[in-house]
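Below are the chains, spelled out letter by letter.
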Amino acid sequence: MTSVQQLPRAPTPVRPLSMNGAIASEMDLDLDRRSRSPIAPGIKTSSGLQRGDTRTAIIIYGPGQEKIVPVFADVLGKPSRLADSFQGVTSAEQELVLGISAESAKFDIASRDRDAVVAINAHCVSLGMPPDTYLSTQCDYEFLYTEAPFFRRDLSRFISFTLGQLDHHETLMSKPRTYFISTTFPDVRAALPNIDILTVGADAVELRVDLLQEPLGDGTFAKIPSLSYVGEQVMLLRQRTELPIIFTTRCTRENGRFPMDNPNLYYEYLYRAIQWGVEYIDVELWLPEHIRQKLYEQRGSSHIMSAFHDFSGTFKWPSVQAQSIFLESRKYADIVKMIAIINDHNENFELEYFRSKIHSEYPDSPPLSAVNMGETGQFSRTLNKVFTPVTHPLLPIIAAPGQMSIAEINAALSLLGQLPKKNIYGISSPSSRISTPYAPFYEKCFNELGLPHQFAVVERQSKGSTAVEAWCNQKSFGGAYLSPPVSFSSLMHNSTFFARLNNGAGPFLTDAARMIGMIDTIVVHPSPTSTPTSAPSSIPSSPQRNSESPYGTPSRSPHGLPPNSSLVFDNASWRGILSTLTRDLAPSAYSGRTAVVLAANSDDAAPTMYALKALRIGKVYTVGFKTPLVLARGLHVEPFNSLENLQRARMVGEEASPFVIISALAPEKSNIVGMLVRVFGGTRGSSTQIRKVFLDLTDGPRKGDLSTVAEHNGFTAYGVADTTAFTTVETLRLLVGQNVPYSFVRLANGPGMF
Ligand SMILES: O=C1C[C@@](O)(C(=O)O)C[C@@H](O)[C@@H]1O
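Residues numbered from 1 in each chain as written. Predicted model: local features only at pLDDT ≥ 70, side-chain atom pairs only at ≥ 80, totals over all residues. Heavy atoms only, no water.

Caption draft 1: Quick look at the packing of helix α26 (residues 720-736) against helix α27 (residues 742-749). The geometry of α26 relative to α27 is characterised by a closest axis approach of 9 Å and an angle of 115° between their N-to-C directions. By the criterion of interaxial angle, the relationship of α26 to α27 is roughly perpendicular. As for the relative orientation of α26 and α27, their crossing is right-handed in sense. Between α26 and α27, the residues in contact are Ala721, Asp722, Ala725, Phe726, Thr728 and Val729 and Tyr742, Val745 and Arg746, respectively. Its residues placed into classes, the contact of α26 with α27 shows 6 nonpolar, 1 polar and 2 charged. (Axes fitted to C-alpha atoms, helices over the stretch in contact; angles between N-to-C directions. Helix = DSSP H or I, 4+ residues; strand = E, 2+ residues; numbered from the N terminus. Parallel < 35°, antiparallel > 145°, perpendicular 65-115°, else oblique. Left-handed = near helix turned anticlockwise from the far one by under 90°. Contact = heavy atoms within 4.5 Å. Nonpolar A, V, L, I, M, F, W, Y, C, P; charged D, E, K, R; others polar.)

Caption draft 2: Region of interest: the pattern of salt bridges. Taken as a whole, this structure holds 26 salt bridges when the rule is applied. Here glutamate 328 makes a salt bridge to arginine 292, at a shortest N to O gap of 3.0 Å. With glutamate 328 in helix α10 (residues 320-330) and arginine 292 in helix α9 (residues 289-297), this pair connects stretches of sequence that are 36 residues apart. On the accessibility criterion, glutamate 328 (23% relative accessible area) is partly exposed. (Salt bridge = Lys/Arg side-chain N within 4 Å of Asp/Glu carboxyl O. Buried < 20%, exposed > 50% of the residue type's maximum accessible area, 1.4 Å probe, protein only.)

Caption draft 3: Inspection of the sheet that holds strand β13 (residues 368-373) at higher detail. The 9 strands lie next to each other as β13-β12-β11-β10-β9-β8-β7-β14-β15, forming an open sheet whose pairing is parallel. Looking at the sheet topology across the chains shown, the edges are occupied by β13 and β15 (404-405). With 2 bridges joining them, strand β14 (residues 388-391) and β15 adopt parallel strand pairing. Paired with threonine 391 across the strands is serine 405, a residue of β15. (Pairing = 2+ DSSP bridges.)

Caption draft 4: A look at the nonpolar core. Formed by 79 residues in total, the largest nonpolar core has its most connected members in Phe247, Ile281 and Phe446. When residues of this core are assigned to their parent elements, the largest contribution, 8 residues, is made by helix α8 (residues 263-275). With sequence-adjacent residues up to four places away left out, phenylalanine 247 is seen in contact with Leu207, Val209, Val230, Val234, Tyr269, Leu270, Ala273, Trp276, Val278, Tyr280, Ile281 and Asp282. Counting residues in hydrophobic clusters, the runner-up holds 38 residues, among them Ala512, Leu581, Ala611 and Ala614. (Core = buried A, V, L, I, M, F, W, Y, C linked by side-chain atoms within 4.5 Å.)

Shown next, in the form of C-alpha cells:
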C-alpha cells in the first residue's frame, strides 16, 4: 500500500517571558517526534500547550479574600499556603502557590526575587475599584474578578495564558484567514447579551478602549476612561467570550479618541493590559521608540500588534515611506498592521504588490495585516488574510470607514470566485444520523458567515472501503466530518482513490490522526497553484460514483476530486476532550497526575489517551481496552484487570490516586463507571479542597445519573455535550476555516442537539 504522508506537529515554543526578567521553560509537548514529513500548507496541529512559567506563583489577596489562594492553586494543580512576605520564598517552594495579604505584600513586593517568583495581584472588584495602585504597578499580573458566575473559567484562562501554558497565537497565525471584530460600544455591557452572535467567525475581539465612555455620575463622561473602568470592562468582556482580546487605545489622529499629548499615558494603559493578561496589545507606531521597545520587552505572554494608520489620503503603497514604516513597525511587533485611506481602486493592487514584496523580501518578519479604508479600499479587506478588522450589523457604529462584516467579505469572495461553493458532509452511520440533527446547525453557521456552501448529513453506505471515499471523490467536495469516526485502516483498506491522492503518496495525515488512528474529519486542501472553480453544485442524494472509473482515477474524472486537491485526515475529537478538560483548570493541573480511562475498545479510548498525553498526565489506569503501543509510549499505563490492582490503586496516597476519570463506555455499563467514581471520589485526607474531574463521553438512556453521582463524590462533572460542542468548534475551523465560539455552538443548538 502506498505510504501516508504525515503532518509534523509543530508545538509553539513559549518565548522566554521577558516581563520582569522571568525565564520560561521552553519544553514542548513530546507527543511524538519520530516523524518529519511533508507539510500540507497552512495546517498546524500543535496543541498550543506548554510547560510555561515555572516560577513560584504568589497571589496577593485583598482583605478577607484569602480563599482566592487555594482556588488559584487548584486551577494550577498545586497545593497552597499563606505566607507573610516575599522574602525567604525559596525555589523549594516552586511546587506551591503562596498567598500574601495585600497589606503585607506592600512591604517587600518591590524587592522580590523576580527570577524565583511571579506576583499576581488578585482583586475582587466587588470590594471596590481600583485595586491598590502601588500593588497594581508593582505586580507582574493582575487578576480582576467577581465571584460569580464565570469566575473559575475566567481564572483558568487568565492563568493558563499569563503563565505561558496555553497560547493560540501560532495556531491562529497558521489559519488561512483570521478576523477580529472591532467593538465600538461605550460600555461592553451593551455587547454582552449578543456577544455569541457578534463574534461568529471572529478570531479575536477588539476592545476600543478610546471609545469607552465612563459615566461620571453628573451626566457627563470622563475624557479618558480611567484604568479602573477599563479594567472592569476587560474583565466583563473576558468573562463572556473565550476569544483573545485586542486592547486598543486609538489616538485622535488615527480615527480614535485617545489624546496624543502624553505618550506615557499609552504606556500606562498598555502595560496594564499586559498585566491583565490581554492577549493582543495594539501599539501605535507614532509612539516614541523607547515606549514601543519597553512594551515589547515587557510583553510577557501578550502579543504586540504594531499599528499604523494614514488618513492623509496621500499615502502610497509603492513608496519608500511605506517600506520604511513596515521596517520600523516590525522591530517591536508580533503582528504589523498598516492601514491607509486611498483615492483610487488601483491602489488596492498596489497594496497587494506591497504585500507580496514584503513576504518575499522579509520572509521572517511578523505577519502583515494591511487594508485600505473607505469604500474604495473595501476590495483590500477581502484580500487581507491576517487579522482583518470586521464589523457586525449589531454594532452601534463602524470602527473605520469601509469596514465590512465577515458575511459581506465572504459574499464578495464568493462573487469573485475566490470562495467556490462546496458540498460539505456529515458522514454518519445509520444509527448516529437519527440522533444528531446537525444539518440545521451547519446551515445556520454558513448563513451567519455568508458562506455559499451546502451541508448535508449523509449515510455511509456500507462497511466497505468505498463507503466514505465515494462522497469525497467529487468535484465540489469541500470536506466532511465522520460521525462516528472511522479507523484509518478501514478508510484506506482497498481504497485506490485515497491511495492515489498526492501522486500516490496518499492523504496527508495529521500527527493526532496518525497516533489516534481514528479519522473524524476530512479536509480538502487545494494545492497552492490551483485556481478555484465556481461551478454550481448540488448535493446528490447518494454518493456520486464515477461511472468511467469507480474511485480509481480521480485525476482524469471531470466529476471527481480535482487533481490538484489533496485531502487531510484529521481527528478533532481529542481537541474537544482537551478543551473540556482545560475549561476550568490550567493544563498544569493534570501534569504528572493519574487518570482512569474506561472504554469498550482502543478506538473509543484513543482520542482521550492522546489528550491526556498532551496534558502530560503521569499514569493511566485503563478499563476495557488495550492501549495501542504508539499511544502508550511515554505514558505509564496499567490495566485494571483484577480486583487486586484496583485495591492497590485505592491504597496509594491522595497525590497518586486518580484525579480524572473519563468514560467512553456505553450507558448500559454505567454501573462500572459509577463504582469507580465512588471508589476514587472525595478528597480523602487531602489538605486541599481540589475537586477531581469526571468526563462522560457517552449519552443515552441509563440507570441513574452519573454526573450527579460524580458531583456527590467530589468531582466536577462534564458531559458529552461539552465535548461535542468543543469538537464542533474545531471541526468548523478545520472544514471552513472559520471560528465559531463554543457558546454559539451551545446556543445555536439548544438542548436538542446533544
Ligand atoms: O486598526 C484597526 C483597523 C481599523 O482602523 C479598520 O480600518 O478597520 C479599525 C480599528 O478599530 C482597528 O483598531
